[in-house]
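Fold and contact review
These are the residues of each chain, in order.
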Amino acid sequence: MKKKKLLVVSAVSLALISSAALAEITFRNTITGAPLDMSVAKSGGNEAVFNQFKETGKNPYNGDKEAVQKGHDLFMPACSGCHGHEAEGKLGPGLADDYWTYPSAATDQGLFEVLFGGANGMMGPQYVNLSTDEMLMIMSWIRDIYKGDPKKAKWLKK
């Protein structure tokens with residue numbers, strides 16, 4: 001009887017662990033901490049890539065040269081007015097170095113949260129202007145132009 005009970009408990013535990021591993025990440029507003037409502041995002045783009053990102057918190061486009069180029073092309077009209085043409089900083093902070101106004105932006109999840117939901121100052125939410133897929137491509141370009149210490153690049157860590 002003890003073996004059967006142990007087997008049942010083990011099976012239930014394994015099922016719970018497996019379902020937790022497949023659970024989506026909860027994305028939160030950078031300022032309030034409230035969960036972000038992804039249903040309000042501009043539609044379009046590769047949903048499969050975004051679904052992968054929601055599960056892992058790692059941007060699947062990092063290192064993808066085609067996505068990086070598209071990210072640069074999207075960055076220019078959407079972001080360069082505040083962050084500069086090479087993300088060197090202008091009205092908004094620079095994005096290619098080790099300093100992040102919001103330290104969570106050193107991770108892909110944190111950077112996405114800032115882009116999607118906005119931040120203090122003039123950084124408004126971008127979900128009305130950009131699809132989640134476009135945000136991921138812009139993020140891949142920002143990661144590609146990084147000039148800081150690779151040891152500080154949290155998005156590179158497994």
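Above this note sits the structure.
A brief report on the enclosed structure follows. (Residues numbered from 1 in each chain as written. Predicted model: local features only at pLDDT ≥ 70, side-chain atom pairs only at ≥ 80, totals over all residues. Heavy atoms only, no water.)

Now for the environment of I145. Following the sequence through the fold, I145 ends up in the segment after α5 (132-144). C-alpha of I145 to C-alpha of E86: the two residues are 59 residues apart in sequence and 8.3 Å apart in space. (Helix = DSSP H or I, 4+ residues; strand = E, 2+ residues; numbered from the N terminus.)

This paragraph deals with the pattern of salt bridges. Summed over all chains, the structure comprises five salt bridges. For E134, the salt bridge goes to K42, with nearest N and O atoms at 3.7 Å. Taken together, the residues E134 in helix α5 and K42 in the loop between α1 (2-21) and α2 (47-56) connect sequence positions 92 residues apart. For E134, a relative accessible area of 18% corresponds to the buried category. Where D108 meets R143, a salt bridge forms, and the shortest distance between an N and an O atom there is 3.1 Å. Remark: R143 occurs in helix α5 and D108 occurs in helix α4 (residues 108-117); sequence separation between them is 35 residues. A relative accessible area of 7% places R143 in the buried class. (Salt bridge = Lys/Arg side-chain N within 4 Å of Asp/Glu carboxyl O. Buried < 20%, exposed > 50% of the residue type's maximum accessible area, 1.4 Å probe, protein only.)

In a packed pair of helices, the relevant descriptors are the angle between the two axes and the axis-to-axis distance. At their nearest, the axes of helix α3 (residues 65-83) and α5 sit 7 Å apart, and the two run at 100 degrees to each other. Relative to α5, the element α3 is oriented roughly perpendicular. Contacts between α3 and α5 pair K65, A67, V68, K70, G71, H72, L74, F75 and C79 from the former with E134, M137, I138, S140, W141 and D144 from the latter. (Axes fitted to C-alpha atoms, helices over the stretch in contact; angles between N-to-C directions. Parallel < 35°, antiparallel > 145°, perpendicular 65-115°, else oblique. Contact = heavy atoms within 4.5 Å.)

With the exception of glycine, most residues fall at negative phi, and the peptide bonds are largely trans. If you check the backbone angles, A87 has positive phi at about 60 degrees while not being a glycine. Overall, the relative accessible area of 1% leaves A87 in the buried class.

Generally speaking, a soluble globular protein has its nonpolar side chains buried in company with each other. Counting 30 residues, the largest nonpolar core has F112 and L136 as its most contacted members. If you list the elements that add at least two residues to this core, you get α2, α3, α4 and α5. Per element, the largest residue contribution to this core is seven residues, and it comes from α5. Sequence-distant contacts of F112, that is, excluding residues within four places in its chain, are made with F27, M38, F50, F53, T132, M135, L136 and M139. (Core = buried A, V, L, I, M, F, W, Y, C linked by side-chain atoms within 4.5 Å.)

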